[in-house]
Amino acid sequence: MDKIGLYVHWPYCSRICPYCDFNIYKNKSENEEALIEAILVDMRYWREQSGARELVSIHFGGGTPSLLSAKNLKRIISLAQELWTATTDLEIGMEANPNNVSVENLLEWRGAGIERVSIGVQSFHSDVLKFLGRDHDGQQARGAIEEAVKIMPRVSADLIYGWTLDGTRQSCANWQEDLDAVLALGVTHISAYQLTIEKDTAFGYATRRGIEKAVDNDLSADLYELGLDVLTKAGFTQYEVSNFARTDAARSRHNRVYWQGLDYIGVGPGAHGRLTNDGVRTATICALKPDTYREHVAEHGHGMDVCDVLSGEDWGQEYLLMGLRITEGISLARYQELSGTQLNADTLNTYIDAGLLQLENDTLRATPSGRLVLDRLSHELLLG
Ligand SMILES: C[S@@+](CC[C@H](N)C(=O)[O-])C[C@H]1O[C@@H](n2cnc3c(N)ncnc32)[C@H](O)[C@@H]1O
Ligand code: SF4
């Protein structure tokens, strides 16, 4: 049976962070039940489209899914297990904001079936958290992880580095303090994201007005290398550009579904999906706004707004772009099978000689230096 992952997008947040360009809306708790009903209907539609599959992961992302009631988390998890065949080590993960993480909530989430939480810590410095528009401080971030590691089998922390606050760029010493703090708390997985300035966000507008919110490329590379060094020395393995795990079991199996180019269903406003049937792969996007999504489900029995059949070229490109992010790399034969073309041998050899790529039999991988410039590297490989 082919494998499949389920992504559930919960689009509401209690406040909107100035750097974030996800599909998010100010929380309206009165809308929860109606949106959940629509998501449940949508899931049934997707079961018809996917047929029987082995379910490897359920991921609640957002937005802020930790605002959801445990009862509704459980309804979604139970229906998913009814519709698809759960694999023996089914991952059930949720993104959680620190100020939703309490002993009471953790126990309820655990009771609903959640076994992995990724906590959006971002920083342990309260001034930085304020600058990032977060509604928690450093002490709450610490407290959330301390409680979570006691109750959840798997806990991950998200950190953001590479900011410029009131003209002062993040120092290596400051980043080291965040890394030391998270390591001391005993998480088994860390996602370290470089602050990206997205166009239509408060940080994007400020940057266009000349107010720097992020650091330059040179400092960013130094911070990246510091993170890699500190986490590696602490026994973590970088298995993807921004993701580090202490053990194989701690890795995110849901993200692996994306990176390996497997199929996943996306439900909830704006959720993306990929489904392959009889060798044809489609890319789907649900209606973006919560109200539109609900109306769409009521009218059509599903929330899908966009459904594109991927050409072999698109499919191959996506496989390469995703696959080079992970240390497992890609199979060149698989790339050729999907795209119908081979990568340009001269370009490939240039980057291998420069130490940015590594070729071992059929497997192409980015080296640690290659991962630092991965976007440019992948695009140049695809351009030939
Ligand atoms: C989908 S977000 C939502 C998680 C959750 N709502 C929270 O904020 O804690 C997952 C993670 O992406 C990261 N992220 C979001 N926007 C980012 C940006 N512009 N630059 C870097 N990291 C970002 C943050 O670390 C965040 O925790
Ligand atoms: S970072 Fe998280 S809490 Fe902040 S707006 Fe984005 S999804 Fe919402």
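Residues numbered from 1 in each chain as written. Chains lettered and ligands numbered in written order. Predicted model: local features only at pLDDT ≥ 70, side-chain atom pairs only at ≥ 80, totals over all residues. Heavy atoms only, no water.

**Remarks on the sheet that holds strand β18 (residues 357-360)**
- The three strands are arranged β17-β19-β18 in an open sheet whose pairing can be described as antiparallel. Only two strands of the sheet have a single neighbouring strand rather than two, namely β17 (330-331) and β18.
- Sheet topology note: the β17/strand β19 (residues 363-366) ladder contains two bridges and is antiparallel. Counterpart to Ser331 in the pairing with β19 is Thr363. (Pairing = 2+ DSSP bridges. Helix = DSSP H or I, 4+ residues; strand = E, 2+ residues; numbered from the N terminus.)

**Some words on the side chain of Asn23**
- One can find Asn23 in the loop between β2 (12-13) and β3 (25-26).
- Using a relative accessible area of 17% as the deciding quantity, one classes Asn23 as buried.
- Side chain to side chain, Asn23 and Tyr25 meet in a polar contact 2.8 Å long.
- Of the polar contacts made by the side chain of Asn23, one reaches the backbone oxygen of Leu288; its length is 2.9 Å.
- Beyond its immediate chain neighbours, meaning those up to four positions away, Asn23 contacts His9, Pro11, Pro269, Gly270 and Leu288. (Buried < 20%, exposed > 50% of the residue type's maximum accessible area, 1.4 Å probe, protein only. Polar contact = N/O pair within 3.5 Å; in protein donor to acceptor, adjacent residues only side chain to side chain. Contact = heavy atoms within 4.5 Å.)

**Some points on helix α15 (residues 374-383)**
- Buried residues of α15: Leu374, Leu377, Ser378 and Leu381, and no others. For α15, the angular spread of the buried residues around the axis is 95°, confining them to a single face. Exposed side chains of α15 directed beyond 90 degrees from the buried face belong to Asp375, Arg376 and Leu383.
- Along its buried surface, α15 packs onto α11 (312-323), α13 (345-353), β18, β19 and α14 (368-372).
- Once α15 finishes, Gly384 follows within two positions and takes phi at roughly 80°, a positive value. (Arc of directions from axis to C-beta.)

**Section: the site of ligand 2**
- Around ligand 2, the neighbouring residues are Cys13, Arg15, Ile16, Cys17, Tyr19, Cys20, Ile24, Gly63, Thr64, Asn97 and Arg134.
- For the shell around ligand 2, the residue count by class is six nonpolar, three polar and two charged. (Near = heavy atom within 4 Å. Nonpolar A, V, L, I, M, F, W, Y, C, P; charged D, E, K, R; others polar.)

**Details of the domain arrangement of the chain**
- Taken as a whole, the chain is organised into domain 1 (3-256) and domain 2 (313-383).
- Contact residues are listed per partner, giving 10 residues for domain 1 and eight residues for domain 2.
- With both sides pooled, the region where domain 1 packs onto domain 2 buries about 820 Å², and carbon together with sulfur makes up 51% of that total.
- On the domain 1 side of the interface with domain 2, the three residues burying the most area are Tyr224, Glu240 and Val241, jointly 47% of the side's total.
- Here domain 1 and domain 2 share two salt bridges between them.
- As a salt-bridge pair, Arg256 and Glu328 come within 3.0 Å of each other at their nearest N and O atoms. (Domains from an automatic or database assignment. Buried area = accessible area lost by both parts, 1.4 Å probe. Salt bridge = Lys/Arg side-chain N within 4 Å of Asp/Glu carboxyl O.)

**Some thoughts on the packing of helix α3 (residues 103-112) against helix α5 (residues 138-151)**
- Running from amino to carboxyl end, α3 crosses α5 at an angle of 35°, the nearest separation of the two axes being 10 Å. As for how α3 packs across α5, the hand of that crossing is right-handed. Mapping the contact onto sequence places Val103, Leu106, Leu107 and Arg110 in α3 and Glu147, Ala148 and Ile151 in α5.
- When the residues that make up the contact of α3 with α5 are grouped by side-chain class, the tally is five nonpolar, no polar and two charged. (Axes fitted to C-alpha atoms, helices over the stretch in contact; angles between N-to-C directions. Left-handed = near helix turned anticlockwise from the far one by under 90°.)

**With respect to the site of ligand 1**
- Every one of the 16 residues lining ligand 1 counts as a neighbour, but Gly63, Asn97, Gln122, Arg134 and Asp158 are closest to it.
- The separation between a nitrogen atom of ligand 1 and a polar main-chain atom of Gly63 is 2.9 Å.
- The separation between an oxygen atom of ligand 1 and a polar side-chain atom of Asp158 is 2.7 Å.
- Protein contacts shield 90% of the accessible area of ligand 1, which totals 560 Å² for the unbound molecule.
- Those elements giving two or more residues to the shell around ligand 1 turn out to be β6 (116-122), β7 (154-161) and β10 (189-194).
- Grouping the amino acids of the shell around ligand 1 by side-chain chemistry returns five nonpolar, eight polar and three charged. (Areas by Shrake-Rupley, 256 points an atom, 1.4 Å probe, with all protein chains shown as cover.)

**So, the environment of Ser311**
- With respect to the helices and strands, the residue Ser311 is situated in the loop between β16 (304-309) and α11.
- Classification of Ser311 as partly exposed rests on a relative accessible area of 33%.
- Put simply, Ser311 and Leu338 are 27 residues apart on the chain and 8.9 Å apart in space, counted from C-alpha to C-alpha.
- Within the structure, Ser311 has its side chain in polar contact with the backbone nitrogen of Asp314 (distance 3.1 Å).

**A few points about unusual backbone geometry**
- Between Gly62 and Gly63 the backbone carries a cis peptide bond, its omega angle lying at 20°.
- Within the element layout of this structure, Gly63 appears in the loop between β4 (54-62) and α2 (70-83).
- In this structure, Asp166 is a non-glycine residue whose phi angle is positive, near 50°.
- Examined against the element boundaries, Asp166 turns out to sit in the loop between β8 (164-165) and β9 (168-169).

**Looking at the side chain of Thr164**
- Structurally, Thr164 can be placed in strand β8.
- The buried category is assigned to Thr164, whose relative accessible area is 3%.
- Only 2.9 Å separates the side chain of Thr164 from the backbone oxygen of Ala214, close enough to count as a polar contact.
- When near neighbours in sequence (up to four residues on either side) are disregarded, Thr164 contacts Phe131, Arg169, Glu212, Lys213, Ala214 and Val215.

**What to know about the environment of Ile4**
- Looking at where Ile4 falls in the secondary structure, it is placed in strand β1 (residues 3-10).
- Taking relative accessible area as the criterion, Ile4 reaches 0% and is therefore assigned buried.
- Put simply, Ile4 and Ser252 are 248 residues apart on the chain and 14 Å apart in space, counted from C-alpha to C-alpha.
- Discounting chain neighbours no more than four positions away, the residues touching Ile4 are Ser50, Arg53, Glu54, Leu55, Val56, Ser57, Trp84, Asp263, Tyr264, Ile265 and Leu275.

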